[in-house]
Amino acid sequence: MLGPMLKISIIIPVFKVQGFLRECLDSILASPYPHLEVIGVDDCSPDQSGEILAEYARTDPRVRMLRTPHNSGSGVARNLGFDAADGDYVWFADSDDLIAPGAIERIVAALDRFTPQERPDVLLFDYRRLTEDGQLADSDLPGLLAAGGPPAEFTFATWPTVARYTHTCWNKVVRRDYLAELGLRFHAGWYQDVPWSYPVLMNARRLSLLDAPCYLYRQRRAGSVTRTTSDRHFDVFTQWERAWSHLGDDHDETVRAILYNRMIWHCMQVLGNDGRVTSGTRRRFFRHAADVFRRHHPGASYRRPSGGEGSKHLLLRYRWYGGYLLTRLARRTYNRLRWGHPHGGYSSRGLRHALATTALRWRRRLTDVAALRSLWHRRRPIRPDLVVFATEGYGRPEGVCAALDEAVATLLPGRRRVWLTTTGRPGDETAAPGSSAAARAIGRAKYVITDFDADLGPKRQGAVHVRALAHTPVEVVGLDRRRLDGSPDVEGWFTVADRWDYVVSPNRHAAEVVDRAFQVRAAEVQYGLPRSRWSQEATDEVRRSLGVPSGHRLVFYHPAARPGGLATPTFDLVALERATPTTTVLALDETGRLSRSDADGNVTAAPLPAEVSPHDLYRAADIAVGDYRGALVDRATAGAATVLYVPDWERMRAAGAVTADLVAEPPGPVCRDWNALTAYLSDPVPVPPDTGFLHRFGDWTSRDAAESVIRHVFGLAPARPADPEPPAVTGPATPVVIPDVLVEQDPPAELTRALPGASHAAAVVIGAEAGDARGGAGSGQDDQQRPPDDDRDQRGHQYPGGNGVLAAPVAFDLVADLLTPPFEPGGFALGCRGTGVAVVGGAFGRGGGRVGVGGVVAGPAGVVLGGVVAHQVTVSHRPATPGVTSPDTGVAGPSPDRPPACVTSRRSACRRARRATGTDPCTARCVAPGR
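The paragraphs below set out a description of the structure included in this document. This structure is a prediction, so every number in the text was calculated from the model and none was measured.

## Quick word on the overall build of the protein
The helix and strand inventory of the protein stands at 31 helices and 34 strands. Evaluated residue by residue, the protein yields a buried proportion of 48% over its 931 residues. Taking all contacts inside the protein whose residues are at least 6 apart in sequence as the whole, residues at least 24 apart take part in 71%. Total accessible area computed for the protein in this model is approximately 42,600 Å², and 53% of it derives from carbon and sulfur atoms.

## Observations regarding the sheet that holds strand E16 (residues 523-525)
Pairing in this open sheet of 7 strands is parallel, and the strands run E12-E11-E10-E13-E14-E15-E16 from one edge to the other. Of all the strands in the sheet, the pair left with one neighbour each is strand E12 (429-431) and E16. Adjacent strand axes in the sheet meet at a mean angle of 25° when their direction is disregarded. Here strand E15 (residues 502-504) runs beside E16; their pairing, made up of 3 bridges, is parallel. Residue pairing in the sheet places valine 504 in a bridge with valine 525 of E16.

## Topic: the side chain of threonine 637
Secondary-structure assignment places threonine 637 in helix H23 (residues 630-637). At 2.8 Å, the side chain of threonine 637 forms a polar contact with the side chain of arginine 531. The residues touching threonine 637, leaving out its near neighbours within four places in the chain, are Arg531, Phe693, Phe697, Gly698 and Thr701.

## Some words on the nonpolar core
In this structure, Trp91 and Trp240 are the most contacted members of the largest nonpolar core, which totals 107 residues. Take this core: its biggest share by element is 10 residues, from helix H9 (residues 253-271). Taken domain by domain, this core gets at least three of its residues from each of domain 1 (1-221) and domain 2 (229-339). Tryptophan 240 has contacts with Val194, Tyr198, Leu259, Arg262, Met263, His266 and Cys267, leaving out every residue within four places of it along the chain. Ranked by size, the runner-up nonpolar core spans 32 residues in total, among them Leu617, Ala636, Leu644 and Leu662.

## Thoughts on the packing of helix H1 (residues 21-29) against helix H2 (residues 49-59)
Running from amino to carboxyl end, H1 crosses H2 at an angle of 25°, the nearest separation of the two axes being 10 Å. For the element pair H1 / H2, the angle class is roughly parallel. The way H1 lies across H2 gives a crossing that is right-handed. Of the residues in H2, those in contact with Leu21, Arg22, Leu25, Asp26 and Leu29 of H1 are Ser49, Ile52, Leu53, Glu55 and Tyr56.

## Examining the sheet that holds strand E23 (residues 670-671)
Overall, mixed pairing links the 7 strands, which are arranged E20-E19-E18-E17-E21-E22-E23 in an open sheet. Across the chains shown, the open sheet's two edge strands, defined by having one partner strand only, are strand E20 (603-607) and E23. Bridge analysis of strand E18 (residues 583-588) against strand E19 (residues 593-597) gives 2 bridges, and the strand direction is antiparallel. Among the inter-strand pairings, leucine 588 is bridged to a residue of E19, identified as leucine 594.

## Let's talk about the packing of aromatic side chains
Across all of its chains, the model carries 32 aromatic pairs by this definition. Taken together, a centroid distance of 4.7 Å and an interplanar angle of 10° make the contact between tryptophan 170 and tyrosine 215 stacked. With tryptophan 170 in the loop between helix H5 (141-145) and strand E8 (172-175) and tyrosine 215 in strand E9 (residues 207-218), this residue pair connects regions lying 45 residues apart in the sequence. Judged by relative accessible area, which is 4%, tryptophan 170 ranks as buried.

## A look at the environment of alanine 470
If you trace the backbone, alanine 470 turns up in the loop between strand E14 (464-468) and helix H17 (478-485). By relative accessible area, which is 25% here, alanine 470 ends up partly exposed. Between the C-alpha atoms of alanine 470 and aspartate 451, which are 19 residues apart in sequence, the distance is 5.3 Å. When near neighbours in sequence (up to four residues on either side) are disregarded, alanine 470 contacts Val400, Asp451, Leu529 and Asp634.

## Details of the pattern of salt bridges
If charged atoms from side chains of opposite charge come close, those side chains can pair. Taken as a whole and assessed by the stated rule, the structure comprises 41 salt bridges. A salt bridge links aspartate 385 to arginine 383; its shortest N-O distance comes to 3.0 Å. For aspartate 385, a relative accessible area of 26% puts it in the partly exposed group. Assessed through its relative accessible area of 25%, arginine 383 is described here as partly exposed. Through salt bridges with shared partners, one network takes in Arg22, Glu55, Glu512 and Arg696.

## Some points on the environment of glutamate 491
Summarising the element assignment, glutamate 491 is placed in helix H18 (residues 490-497). Along the sequence, glutamate 491 and aspartate 133 sit 358 residues apart, while their C-alpha atoms lie 9.3 Å from each other.

## So, the pairing of strand E2 (residues 36-42)
The element E2 is largely enclosed, with a buried count of 7 among its 7 residues. Residues Leu36, Val38, Gly40 and Asp42 of E2 are buried on one face, and the alternating residues Glu37, Ile39 and Val41, pointing to the opposite face, are buried as well. The pairing of strand E1 (residues 8-14) with E2 spans 7 bridges and is parallel. The residue of E2 that forms the bridge with serine 9 is glutamate 37. Pairing between E2 and strand E3 (residues 63-67): 5 bridges, direction parallel. Across the sheet, the residue bridging to glycine 40 is methionine 65, located in E3. For the handedness criterion, the β-α-β arrangement of E2, H2 and E3 is classed as right-handed.

Cut-offs used in this document
- Residues numbered from 1 in each chain as written.
- Predicted model: local features only at pLDDT ≥ 70, side-chain atom pairs only at ≥ 80, totals over all residues.
- Heavy atoms only, no water.
- Helix = DSSP H or I, 4+ residues; strand = E, 2+ residues; numbered from the N terminus.
- Buried < 20%, exposed > 50% of the residue type's maximum accessible area, 1.4 Å probe, protein only.
- Contact = heavy atoms within 4.5 Å.
- Areas by Shrake-Rupley, 256 points an atom, 1.4 Å probe, with all protein chains shown as cover.
- Pairing = 2+ DSSP bridges.
- Axes fitted to C-alpha atoms, helices over the stretch in contact; angles between N-to-C directions.
- Polar contact = N/O pair within 3.5 Å; in protein donor to acceptor, adjacent residues only side chain to side chain.
- Core = buried A, V, L, I, M, F, W, Y, C linked by side-chain atoms within 4.5 Å.
- Domains from an automatic or database assignment.
- Parallel < 35°, antiparallel > 145°, perpendicular 65-115°, else oblique.
- Left-handed = near helix turned anticlockwise from the far one by under 90°.
- Phe/Tyr/Trp six-rings, centres within 6.5 Å; stacked < 30°, edge-to-face > 60°.
- Salt bridge = Lys/Arg side-chain N within 4 Å of Asp/Glu carboxyl O.
- Right-handed = clockwise from strand over helix to strand, strands pointing away.

These values are about where atoms sit, not about what they do.
Structure (structure tokens):
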């Protein structure tokens, strides 16, 4: 048996395919064939594709990973993989496609029919198209074989029909020695398969065809070259010129004529696709095609095709672009009129269908009151200050959208925020869905933020739509959900999804699912899951409204919806409460009914109270029990106790209803049956999440996620990353005396308390002469008795020192003269009032800046004075001049017509100033309570 002797090398270029790469590699590695080599080449992908590839290379010895020095395109990646391959045959696959089950075994069996000396140079095989809705469609090979297939072995000249088969590199395996002898390489640019496939076929001494589907070609909406409008489609002419350069004198005129007709067909296919060539560049593309038509004309061996293809040849021959437009219009009209005709002719049924469709469309437009209202408001100017929010089912404000609403209120307090709901919170501006107010808000809003697939009507030009994921997608979503449910309305869903400008992904897993299940052109925003504020008072209020006795542990069970034919696992509330007497168990089903046990041991189910939502239950519960809901995963990443109860795990995974293996990487304890769950809840022991789970689901977790998302979407400068914590200091603090400078590694508690705030800086003690570290020479003890916040002014925090003579203006000049970028003089606080203490505060710029004070170097780790590192403390930061951009937050300061808010939270300094002068010298808006 010669089969096992053959080694197959599959080469996969990897770039921005994080949503498809796992499925591709799994389809290959599912083969039991032992002599298999998979070479994945990471072309410096900006997403997680390289990390996924490295994960497979670590766990499966058949996978090898290579990386290009820089992003060079799939052609360079394929060349790099081919140089490293050592298989007998090489197969260039795309990283977003699939290998059909059993394909490798069928290919090896087809090659084993030949002796080693007679094996073909190229083995072609059939493929299937994997459409967006998950259906499989035939390739064009069955139609080519209908007129008669080739013999077991053939050449390009003996069976010229092979030229009409798809010119891609993934529908064939090529003998490695033959490819190396040919010296053929992939080129950069689009349509790079053309100058590779045709020379491979034309120069092969033996070709063979396997009439069996071995490859599943995924037709993607987003990210596919064939569905991208760009001037790079002009590369088709360059690639065909390269293909012609491989045509030597030993090829007869028949081969030239075959290649010529295929080239003209391909160029006209690209020209006729509105998704590739725009109307503005179509004339120029047509002229390029006409030039190619004349330049490579085969002469006497040329035979003009019949039918529509022949008419295109005539138009190119005479360079008649107007005739091409007329022919194109006539063809489209004919296709509409022939709808439903069994023989392809004209049909009255097709005409009736076209007229009925047009009439129905206009009737819907004229009778849809909400659409008419929206159309009226869409003709009015857009409002950049208006932001519209909507949650699942137009419910009350909560979850991700509530967190983003809070971030907008904090960062952009002047923006008007409208919620599409009838159950808003106190103080929220709301508009009932379908009302005139809602139509007005949607029609004029600059920003629309939702956490579900909301159909809010056509999108205005200039509007920004944000689709935030409410939870981590553990259940299937988007296209995967529609395939699982058998929903035929894929195009209707894409109509909504194509309006999105941004998709907010909460973690790595969600980013992969979004790429595969959404397939939209929206940009991904990846800062973690935005979480709204929650307090212990809110938890207590929820528990009281649900009637949870004080001191009881609340266990909340929320199972996911099962696909057709699968039942929800049994969950016995009464038995669980009897096993744990001080436990209250609540269960919420997929219809929104809350089940609980009464005093008699009976289970009652009632609708969830209006003031309580599932989101509240997840936050108020002591332990959450669930299976495949993303809310359970998000709770675990927040550090809350979760239990995975999955008695039907194998059935759910076999049905394709889940997107992650939570059993292999669990968020906490895993219970596979009811007895295990009861035993654990009887004596729960905290089980931390698996490290793989935290990497996959919690690596992006950030308390500033909502603020980062709003900064990204609204075009604000990103916040300065937090400075690292100062190094731990061991042993007692020892003041180090330098001429005119005194530093201690641990600042006194009074100094630390005097400098509360938001941004890291350093405390520098400067005195006229060496003395007490808490002040200058003389009266440091007296100064400590005064409240540390009594000497503040609007320039920054002050700390009273001793009797030093260093004045604030002198200290300011000393520091400001030695500042170096990116530190700005207007962006830090300096305090020194006739004392021996100066606080050089504020941020060090993004990533750390430098401040020089007679040899002092300031950085993120602290302030170095003569080799001594001072302890890093916290100070408030505010630009000294209105309108100056703060290097700390990247947000412009208050405008001159609106005074800045006072940074202090106490009133002692203000009271003393009023007593001394009789007036209030402060010009800030006081935010202190009671002022």
